[in-house]
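Remarks on the overall topology
What follows is the residue order along each chain.
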Amino acid sequence: MTEKMDHPTCSELLGRHVRGELDEPTDRAVRAHLAGCPECEQERRGLAALVAGAPPRLSPDERDALLEGVWDAVGRRPEPMPASPPQPGRTRRWFERLSPALAAAALVLVVVGVSSLVGGGGDEGGGGSAAREKGTRLDRRLDAGVGSTDGPRFKRAETAFSAVDLVRLGRREPAVAGVAEANPSTAAARETAAGLLAALVSQAPPEVADQVRDCGRATLEAATGPTLPALAQRGTFEDRRVLVMVFVTDGEPGGRLDGYAVRVWAEGTCDVPLHTASGLLPSP
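In this model, the protein carries a mean pLDDT of 74, and residues with pLDDT of at least 70 account for 64%. Across residues 108-148, confidence stays below pLDDT 50; counting only partners more than four residues off in sequence or on other chains, it has 42 contacts.

Written out as structure tokens, the structure is:
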């Protein structure tokens, strides 16, 4: 892509730009547009924060507008304040130009973060209970059908994943935490990786077992440090059927398995992953 980049085209490409999936000419065109467009650059920073699993930093004006959507979502609104005069010429904020999926992800991040603030410290009032219940329902959806385990798990429920969902899967999936806790030292990881992969393959449905085995082996062979298979699951990512696998890694030096790595392959292949994510597991 060599023609001059416009706002709509840049906005559509920013997600792939943040994940490093664009070819060099297109990525160069996006970077050139970002260099002269503060609005698109602000959207890029917001998307990068979402992919990293952290809410973006907003200006006071953006925070006020986003909170309006939060109040609607949690079903409780504070007393209205006197409206300030409208500002002429305001451009669209970054979250107004997100795709529907990423806009929903941004709202979920904020709703979960403020639900306890809306409800206060006790059980008084229906608004607080409603807000806490929303967060509880989200937790149930993420962990549905999953129990604590010391071994790897093939998760049968299929999911439509976003980039934020994949980060959350690596950090919050009980099977990942169980493998990390059961194999706390890097020495143990080197000895047990093959056995854990075999256990994971044995749980997989026949039609995907070969891919779990082959993609798991390829990941273990390419790993530069101790790596343990912990989870596999089928679903969709960017409208493609995929296999998702999560591995426990030594996220930081020190002899402990305290990190996760997510790999996403198109179903039926173990070529270059469509998407990857990694980070540190929550502290016990």
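Quick look at the environment of Ala163 now. Mapped onto the elements of the fold, Ala163 is located in helix α7 (residues 163-172). Placed 144 residues apart in sequence, Ala163 and Arg19 show a C-alpha to C-alpha distance of 9.1 Å.

For the rest of this paragraph, the subject is the nonpolar core. Core analysis: the biggest nonpolar cluster contains 25 residues, and Val176, Leu228, Val244, Val248 and Val262 have the highest contact counts within it. Listed by contribution, the elements that provide at least two residues to this core are α7, α8 (174-182), α9 (186-203), β2 (227-237), β3 (240-249) and β4 (259-266). The contact partners of Val176, leaving out residues within four places of it in the chain, are Leu169, Gly170, Ala230, Leu231, Val246, Val248, Tyr260 and Leu281.

This part takes up helix α1 (residues 7-18). Helix length check: α1 (12 residues) gives 16 Å between terminal C-alpha atoms against 16 Å at 1.5 Å per residue, within 8%. Of all the residues in α1, the buried ones are Cys10, Ser11, Leu13, Leu14, Gly15 and His17. Looking one or two places after α1, you find Gly20, whose phi comes out positive at around 75 degrees.

Another aspect to go through is the state of the cysteines. Evaluation of the coordinates by the stated rule reveals one disulfide. Each sulfur of the disulfide joining Cys215 and Cys270 lies 2.0 Å from the other. The disulfide joining Cys215 to Cys270 has a torsion of about -100 degrees about its S-S bond and is therefore left-handed. Taken together, the positions of Cys215 in helix α10 (residues 206-222) and Cys270 in the loop between β4 and β5 (275-280) put the pair 55 residues apart, joining distant regions of the chain. For Cys40, which is in no disulfide, the shortest distance to another cysteine sulfur is to Cys37 and amounts to 3.6 Å.

About the cut-offs
Residues numbered from 1 in each chain as written. Predicted model: local features only at pLDDT ≥ 70, side-chain atom pairs only at ≥ 80, totals over all residues. Heavy atoms only, no water. pLDDT = per-residue confidence, 0-100. Contact = heavy atoms within 4.5 Å. Helix = DSSP H or I, 4+ residues; strand = E, 2+ residues; numbered from the N terminus. Core = buried A, V, L, I, M, F, W, Y, C linked by side-chain atoms within 4.5 Å. Buried < 20%, exposed > 50% of the residue type's maximum accessible area, 1.4 Å probe, protein only. Expected span 1.5 Å × (residues − 1). Disulfide = S-S within 2.5 Å.

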